[in-house]
Structures are given as C-alpha cells and as structure tokens.
Amino acid sequence: MTIGGSDPSGGAGIQADIRVADRLGLYPLSVISAVTSQNTSTFADIFPVPVKVLRTQLETLLSDITPDCVKIGMLPSPEHAECVADTLREYVITSIVVDPLLVPTLSHQHASKKLVAAVARHLFSIATLVTPNLEELEVYEAVLDQNFDRLCNAYLLKGGHGKDDTITDTLYLHDEAPAAETGDVEELPDYMYNSPSPFPTVEMHPMSKVRETNEQIMFGSPLTIREFKHDRIDTGNTHGSGCVLSSAIACYLALDSDLVAAVEKALTFINDALAASKDFKLGKGNYGPSLL
C-alpha cells in the first residue's frame, strides 16, 4: 500500500508507486494524501486531502485488506502524519518504508518545522526504513537537533544528489533497536512567508530548532553500515526517482526479502530504470520520469 500525493504527470507520487508495484508483480493499494499540479518543468500547486478523508481511505482499506508492506510518501501537514501513524498502529502494520521528502524537487517551497517534527516523531519510530537524501537528512537533523541515526531504526542515505561520477548510497542499520520513546515537543512559532501554495512553508536560514521537553525517539544500539556504489547515469530524467526507489524497497520487503537484500535489489531496479529512460523525452521541461 502506498500513501502519498498524486502526480498528474505520472513521474512521481502515487502514480509512480503503482507502476513500480505492477512492474514487480504485486497488487498495489493506494491512499491519496494530496492532489498536486506539476509537470516536467514546474510544481505549481498542492491541495491537501482533508484528514478525515485520509483516515476514511485508510480505515476502509485496512479493515478489509492487510498489506504486506506500506510505503509512505508526501504528507502535507502534521495532522496527516499523525493520522497515518495512528491508523497503521491501530491495524498493526509493521513493515513500513518512509520516504521523508520535504516537498517535491521542482517546488521552491519548504516544509514547516512542525511538519518535519511530526513526521519524525510519529512515523520514524514505526518505520522499518527511512530513505532521506542528504538535504533532507540535514534539515531533519537541524530541526530536531539530533543525529539521524538516533531518530529511526534504519535509514538509507541516498547519494544521487551529489556531483561525483560514482554514487554511494549508504544503509545505516541498528543491530538491535530498543523501543522508541516519544515526548512532547515544545511549540515554537513558524517563520512563514507568503506563498501561492497552501503547503506550509518556512524560511530555511536560520532554522529554528525544535526543543524537547522529554526524550525524543532515541535509538542507541550499534550501527551496521553498508555502502552500495554504482556509476552515475547521465540523465535529466530523474523525476520520481526517490519515489521509485522507496517503493521498490517496500515491494521487495513485501516479497520477503530481508532489509539489506531489499535495498540492494531496489537500487538495481532504479538504476536500471534510469538507464532505460535516459534518452526518453516527455513534455517541454527537462525533468522527465525515471521509470518508463
């Protein structure tokens, strides 16, 4: 089951997740958190689905079908994050991949620190794996004033946003994760600026930190670190590559691969997809789909 935003261009979000599942021979369930307006050159707008509607989608599906794995993508507000976490706990869903994207790549908006804190607090603690890129990792660490390895049980740091010819994706996995502890987060005012988008925004510099009144999601067990290296593919068709990767990991987990094997297979899947789509041309922009 995939939970996230709809991308009408088909390159990312729910549409990309469905295509990955279908390609790998699984049956996809989908829950829409937001409707976006985007194409190969711009991210124009986002309309969050009301939280009540999100909850109804989840409860209606989960009362009838138990997914083998859940992938969570874009969530537009702290209330959406809390709703997803509460419902997955209620239905005892334990195999979960969280793609902690702050906003779509083409957007010039930034997620509010309240949303960052809510995703970490409610979803990281129940996730099997979190899949940040370097920018996302740095934002979460700055907002929460914590090293990322103390926020979740396992995470895959994606290396595709660098400049090197060789890309290194690094899996950090706690050998034994103690139960997460959550505490109340002190409310701080957002530093908002005017935007035509309803998506919550915040100036990124200086970034105000969320202070904790109690211990916040601590994982203290030893880390296993595994690096995966591959050659960079010269392509502008990277739209949805993060969605495709996290969805592929979820699919391989659903197919009973262990976490390391699921990550390795999914990285091969996205690299093959990028290679196959590198000469494809769609639309007027330079940000085409990573999966054909």
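Our subject is the structure that appears above.
First, a word on what this report is: a plain description of the structure on this page.

Reading the values: the criteria
- Residues numbered from 1 in each chain as written.
- Predicted model: local features only at pLDDT ≥ 70, side-chain atom pairs only at ≥ 80, totals over all residues.
- Heavy atoms only, no water.
- Helix = DSSP H or I, 4+ residues; strand = E, 2+ residues; numbered from the N terminus.
- Buried < 20%, exposed > 50% of the residue type's maximum accessible area, 1.4 Å probe, protein only.
- Contact = heavy atoms within 4.5 Å.
- Areas by Shrake-Rupley, 256 points an atom, 1.4 Å probe, with all protein chains shown as cover.
- Phe/Tyr/Trp six-rings, centres within 6.5 Å; stacked < 30°, edge-to-face > 60°.
- Salt bridge = Lys/Arg side-chain N within 4 Å of Asp/Glu carboxyl O.
- Pairing = 2+ DSSP bridges.
- Core = buried A, V, L, I, M, F, W, Y, C linked by side-chain atoms within 4.5 Å.

**Observations concerning the overall build of the protein**
- On a plain count of helices and strands, the protein comes out with seven helices and nine strands.
- Every one of the 292 residues in the protein was classed for burial, and the buried ones make up 53%.
- Taking the intrachain contacts of the protein between residues at least 6 apart in sequence as the baseline, contacts between residues at least 24 apart amount to 77%.
- As displayed, the protein has an accessible area near 13300 Å², and 50% of this comes from carbon and sulfur atoms.

**Structural notes on the packing of aromatic side chains**
- Inspection of every chain in the model, using the stated rule, returns five aromatic pairs.
- Look at phenylalanine 124 and tyrosine 140: their rings are 5.2 Å apart centre to centre, the planes differ by 35 degrees, and that puts the pair in the tilted class. Highlighted residues: phenylalanine 124 in the loop between α4 (113-122) and β6 (129-130) and tyrosine 140 in helix α5 (residues 134-144), separated in sequence by 16 residues. An identical accessibility class is assigned to phenylalanine 124 and tyrosine 140; each is buried.
- Between tyrosine 140 and phenylalanine 148, the aromatic rings sit 6.2 Å apart at their centres with planes inclined by 85 degrees, giving edge-to-face as the arrangement.
- For tyrosine 140, a relative accessible area of 2% gives the class buried.
- Taken together, Phe124, Tyr140, Phe148, Tyr155 and Tyr172 form an aromatic cluster joined through their ring pairs.

**Points about the pattern of salt bridges**
- For the structure shown, the criterion picks out six salt bridges.
- Between lysine 71 and aspartate 17 there is a salt bridge, with the nearest N and O atoms lying 3.0 Å from each other. With lysine 71 in strand β4 (residues 70-72) and aspartate 17 in helix α1 (residues 13-23), the pair connects residues that are 54 residues apart, well separated along the chain.
- According to the relative accessible area criterion, aspartate 17 is buried, its value standing at 5%.
- Note that lysine 158 is salt-bridged to aspartate 99, the shortest N-O span being 3.6 Å. Note that lysine 158 is positioned in the loop between β7 (154-157) and β8 (166-174) and aspartate 99 in the loop between β5 (96-98) and α4, a separation of 59 residues in sequence. Grouping residues by exposure puts lysine 158 and aspartate 99 together as buried.

**Quick word on the pairing of strand β3 (residues 43-48)**
- Of the strand pairs in this sheet, strand β2 (residues 30-38) and β3 are connected by five bridges, and their pairing is antiparallel. Residue pairing across strands places glutamine 38 opposite phenylalanine 43, the latter belonging to β3.

**Observations concerning unusual backbone geometry**
- For valine 92, which is not glycine, the phi dihedral falls at a positive 55 degrees.
- Summarising the element assignment, valine 92 is placed in the loop between α3 (78-90) and β5.
- Its identity is not glycine, yet aspartate 256 carries a phi of approximately 75 degrees, on the positive side.
- Residue placement: aspartate 256 occurs in the loop between α6 (241-254) and α7 (259-277).
- Classification of aspartate 256 by relative accessible area gives exposed; the value is 71%.

**Brief notes about the nonpolar core**
- Residues Ile3, Ile72, Leu88, Leu123 and Phe124 are the most contacted members of the largest nonpolar core, which totals 41 residues.
- Among the elements of the structure, α2 (51-62), β4, α3, β5, α4, α5 and β7 are those that each provide at least two residues to this core.
- With six residues, α4 is the largest single contributor of residues to this core.
- Excluding residues within four positions of it along the chain, isoleucine 3 makes contact with Ile14, Val31, Leu54, Leu58, Val70, Lys71, Ile72, Gly73, Met74, Leu75 and Val84.
- Residues Ala154, Ala250, Tyr252 and Ile270 belong to the second largest nonpolar core, which totals 31 residues.

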